[in-house]
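Residue strings, one per chain:
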Amino acid sequence: MIRFKILIILIFCTLFYFNFSFSLQKSIPDTSSSGISSGEKDYRFIELVEEGYLFLEHKLYDDAIIKFNEANKIVETSNACEGLGLAYIEKAKELEQKMATPYRALRKVRFFELSVENFLKGLKIEPDNLDIRYSLAEAFIFRGYPETYALADTLLNQIIQTDKGYKDALILSSIVYRNLNQPEKSKEALDEYMKVKEKNPRALYHLSKIEMEEDNFEEAEGYFISSLDNLNEEDAIAEIFEDVGMLFTDRDQEEYQQAEDKGKFFKKFWMEKDPEPETKVNERLVEHFKRIKHAKEYFTTGSFYEKYDDRGRIYIKYGEPDAKYMDGGGIGVYSNESWVYYWQIGDYRDGMFFDFANKGGKGYELIEDLREATYGGGLDALIVTSLNLYSERSNLSENHYGRVARVRSEMDYLTQMADFHERIEIMYNNIPGEGFVYHTDSKALNALVSSASFRGENDKTRYELYYSFPLEELEFEKIEKNKISAFDELVILKDLDNNTILQGSRNFDLTYDEDKNLKKDLYIGQINMEILPEKDDCIVYLKLKSDVSERLGVLYQELETKDYTGKSLMMSDIEFSYDIRPAVIENEFTKNGLQIIPHTGAVLNKNENIFTYFEIYNLALDSDGDGRYRVEYVIQKRSPNDEGKSKYFNSIGKEIANKRVREREMITTSRTETTKQKDTFNWISFDMSGLSEGLYDFTIKITDLVSSESTSSEYVFILGKE
């Protein structure tokens, strides 16, 4: 610590000198380039520096250090010194991400010191180099001490006085002020930055953090949503992902990687978690902000600004545990904690259990079992010590911790530990990626939702929302021959800026009607909406509530913008259906004289016939007023090795060449139709009982035989059993 204080004093003095030199030299024309005279012709030097920065770009820091050191042996320049500083600080950051040990902690400090040493050398050669000052300020912020924040503040003020819009100096300044507990100065820095770079996403995101730290969560939400517009800066995207990515499911992660517009992805992600879509505030997002604040206050790593340890990550995902056990450690034992959540998730009833140990340097890490919280000694000592840890936690869960604590032999211990790991694996396979319980007086209504789009009236697009839920979850009153239950239905359509496009509700008596509800135990509903296609992608919320049954369901469905106003050949989405029959009466299920009972969800029952319906627009008619078109259907199982969706048609519309290899996992058929109409519809029924269970792609291709135009629509579904 004494050495560190001496280093800080020396740096303060050095920076004061450089700042004085900088102020003198600002009026003197620069006659050199990075410390090299204009006559310097040492191409070897230039080549080494270029190679060093190339290695830096590819994160090969050891190779970069070698190149920059070789360059400095030829002639010491600000360029090479800055490169060395950057390489060393990146190596320090790498160690930050690895499991902490005393040796790594010392190496991290040493790399930080080498980084500062080389940045200062660069400034001595070229005192007016803003790049080096900026990089040095970042290094001081990384170190994360009050003294280094003060040094960063000095450097950043020097940069801002010279060029207010230089890189993100004002944002770094805001970060420093927040760490020095000066929120007003932090806000001022961001306000000043946005005068130079209006509505900058990173600045808005940091404003949301300031409001969050001051418990102004609604204001924080507003700034956060605004930060997602025009989100294209890598630093801003990385910061937002840092606090959100831990909540992603595998599917979210895949969609995030593929998303070109990350801001739009984040907007959809949070809108689909809003438990009260009628309100302007997203209660789930506000809860996320509160959890982040708590994690940064109580579960910090203590070594890197704004970082939280694994306890913080679990807290952000699941909130406050139902029970905790904390052990301060001792001889042969690291400080450790165990968190328990007694949730019942779907069919999983055994709760969630997380164990942590503080092995030094990185805060508490998530461990596989409590043996990792021990150190030193042989197998006997390990068994005794870990058994004590399990015994201490028996009151948290007799089944989880107590079973290990009760062992009486080494063999029994090993057997119970194997069983313990099996239970942990089952837990991780069943628990959600995050947890948020929005307190209501109602039980969850287990409903499913899907949608399809078609051409509407007056150049609008008609979106059809389909939903279903088990009737057994409701309570019915028998009136004469009917079973009736009062029910509320609320639908809200919002754009990605949380503006309401349309909203509608109805209160009705839900009748258990076997004729209408094809599946005797399933209620099926449909809501039709028509909007202009100029709108961006939307989120539709469906709130289903039964006060009598004390059931509540809030469903979300993304509606992808579809425009059917063009003149070229088009087709609608594919609607999957339980049954299609001639319509006797007209209701919400009626289209083109057909009664189409929609299928909800993405899982189809292989033991039942499935119907599909679609519409075709802008067919060409020949001179006799006749239209002809070919419809081709392909249902193809997706191979486990497929990285993306396969295409099943070549340039002339025939099936792919490897059909024979996969013919037992696919259905193909085609037919030619005639019509007198430019706009028409089509439907077909499939028997899928011969296919195996799994993930399938369904493609319908339309070829206009008069104009030779083609179009297609695709659908992905899971084939399973009831």
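Residues numbered from 1 in each chain as written. Predicted model: local features only at pLDDT ≥ 70, side-chain atom pairs only at ≥ 80, totals over all residues. Heavy atoms only, no water.

Caption draft 1: Just the overall build of the protein, in detail. In terms of helices and strands, the protein carries 20 helices and 24 strands. Every one of the 722 residues in the protein was classed for burial, and the buried ones make up 50%. The long-range share in the protein, meaning contacts at least 24 apart out of those at least 6 apart in sequence, stands at 65%. When the accessible surface of the protein is totalled, it reaches about 35,700 Å², and 48% of it is carbon and sulfur. (Helix = DSSP H or I, 4+ residues; strand = E, 2+ residues; numbered from the N terminus. Buried < 20%, exposed > 50% of the residue type's maximum accessible area, 1.4 Å probe, protein only. Contact = heavy atoms within 4.5 Å. Areas by Shrake-Rupley, 256 points an atom, 1.4 Å probe, with all protein chains shown as cover.)

Caption draft 2: Quick look at the environment of Gly-627. In this fold, Gly-627 is placed in strand β20 (residues 627-637). The buried category is assigned to Gly-627, whose relative accessible area is 1%. Considering only alpha carbons, one finds Gly-627 and Leu-705, 78 residues apart in sequence, at a separation of 7.8 Å. Residues within four places of Gly-627 in sequence aside, it is in contact with Ala-620, Leu-621, Glu-673, Thr-674, Thr-675 and Val-706.

Caption draft 3: Highlighting empty space enclosed by the protein. Applying the stated rule across the entire model yields 5 cavities of 30 Å³ or more. Forming the boundary of the second largest cavity are Tyr-205, Ser-208, Lys-209, Met-212, Phe-224, Asp-243, Val-244, His-288, Phe-289, Ile-292 and Lys-296. Those elements giving two or more residues to the lining of the second largest cavity turn out to be α10 (201-213), α12 (234-244) and α15 (283-298). Its residues assigned to classes, the lining of the second largest cavity shows 6 nonpolar, 2 polar and 3 charged. (1 Å grid on protein atoms, 1.4 Å probe; cavity = no way out; pocket = protein on both sides within 12 Å on 5 of 7 lines; lining within 4 Å. Points joined across faces, edges and corners; volume = space filled by probe spheres on them. Nonpolar A, V, L, I, M, F, W, Y, C, P; charged D, E, K, R; others polar.)

Caption draft 4: Up close: the pairing of strand β19 (residues 610-617). Of all 8 residues in β19, 8 are buried, a share of seventy percent or more. On β19, burial covers both faces: Ile-610, Thr-612, Phe-614 and Ile-616 on one face and Phe-611, Tyr-613, Glu-615 and Tyr-617 on the other are all buried. The pairing of strand β14 (residues 570-571) with β19 spans 2 bridges and is classified as antiparallel. Residue pairing for β19: Met-570 is matched across the bridge by Tyr-617. Direction of pairing for strand β15 (residues 575-582) relative to β19: antiparallel, over a ladder of 3 bridges. (Pairing = 2+ DSSP bridges.)

Caption draft 5: Layout of the packing of helix α8 (residues 169-179) against α10. Two numbers describe how α8 lies on α10: the axes approach to 10 Å, and their chain directions differ by 10°. The orientation of α8 relative to α10 falls into the category roughly parallel. Packed against α8, whose contacting residues are Ile-171, Leu-172, Ser-174, Ile-175 and Arg-178, the element α10 presents Arg-202, Ala-203, His-206, Lys-209, Ile-210 and Glu-213 at the interface. Of the residues assigned to the contact of α8 with α10, the class counts are 5 nonpolar, 2 polar and 4 charged. (Axes fitted to C-alpha atoms, helices over the stretch in contact; angles between N-to-C directions. Parallel < 35°, antiparallel > 145°, perpendicular 65-115°, else oblique.)

Caption draft 6: Layout of helix α11 (residues 217-227). Along α11, the positions that sit buried rather than exposed are Phe-217, Ala-220, Glu-221, Phe-224 and Ser-227. The arc enclosing the buried residues of α11, seen along the axis, measures out at 125°, which places them on a common side. (Arc of directions from axis to C-beta.)

Caption draft 7: Here's a closer look at the confidence of the model for the protein. In this model, the protein carries a mean pLDDT of 83, and residues with pLDDT of at least 70 account for 86%. Put simply, helix α20 (residues 659-662) is where the protein has its lowest mean pLDDT, 40, and β14 is where it has its highest, 96. Across residues 20-41, where pLDDT falls below 50, the model places 15 contacts with residues more than four positions away in sequence or in other chains. This stretch, residues 642-663, has a pLDDT under 50; its non-local contacts, to residues over four places away or in other chains, come to 31 contacts. (pLDDT = per-residue confidence, 0-100.)

Caption draft 8: Just the sheet that holds strand β6 (residues 448-455), in detail. Taken in spatial order, the 3 strands line up as β6-β7-β11 in an open sheet, and their pairing is antiparallel. Two strands lie at the open edges of the sheet, namely β6 and β11 (522-531), each paired on one side alone. Strand-to-strand, the axes of this sheet are offset by a mean angle of 20°, without reference to chain direction. As defined by bridge partners, strand β7 (residues 461-470) adjoins β11 across 10 bridges and the pair is classed as antiparallel. Considered in β11, the bridge of Arg-462 is made with Glu-530.

Caption draft 9: Geometry of the packing of α11 against α15. Interaxial distance between α11 and α15 falls to 10 Å at its minimum, and their mutual angle equals 105°. For the element pair α11 / α15, the angle class is roughly perpendicular. Between α11 and α15, the contacting residues are Phe-217, Ala-220, Glu-221, Phe-224 and Ile-225 on the first element and Leu-285, Val-286, Phe-289 and Lys-290 on the second. For the contact of α11 with α15, the residue count by class is 7 nonpolar, no polar and 2 charged.

Caption draft 10: Region of interest: the nonpolar core. Phe-266 and Phe-354 are the most contacted members of the largest nonpolar core, which totals 61 residues. Sequence-distant contacts of Phe-354, that is, excluding residues within four places in its chain, are made with Ile-314, Tyr-318, Glu-337, Ser-338, Trp-339, Tyr-341, Leu-366, Tyr-401, Met-427, Tyr-428 and Ile-431. Of all hydrophobic cores here, the second largest spans 54 residues; its members include Ala-64, Leu-84, Ile-89 and Phe-112. (Core = buried A, V, L, I, M, F, W, Y, C linked by side-chain atoms within 4.5 Å.)

Caption draft 11: Quick look at the side chain of Lys-91. Position of Lys-91 relative to the elements: it lies in helix α4 (residues 78-97). Residue Lys-91 is classed as buried on the basis of its relative accessible area of 10%. Excluding its chain neighbours within four sequence positions, the residues that come into contact with Lys-91 are Tyr-61, Asp-62, Ile-65 and Phe-111.

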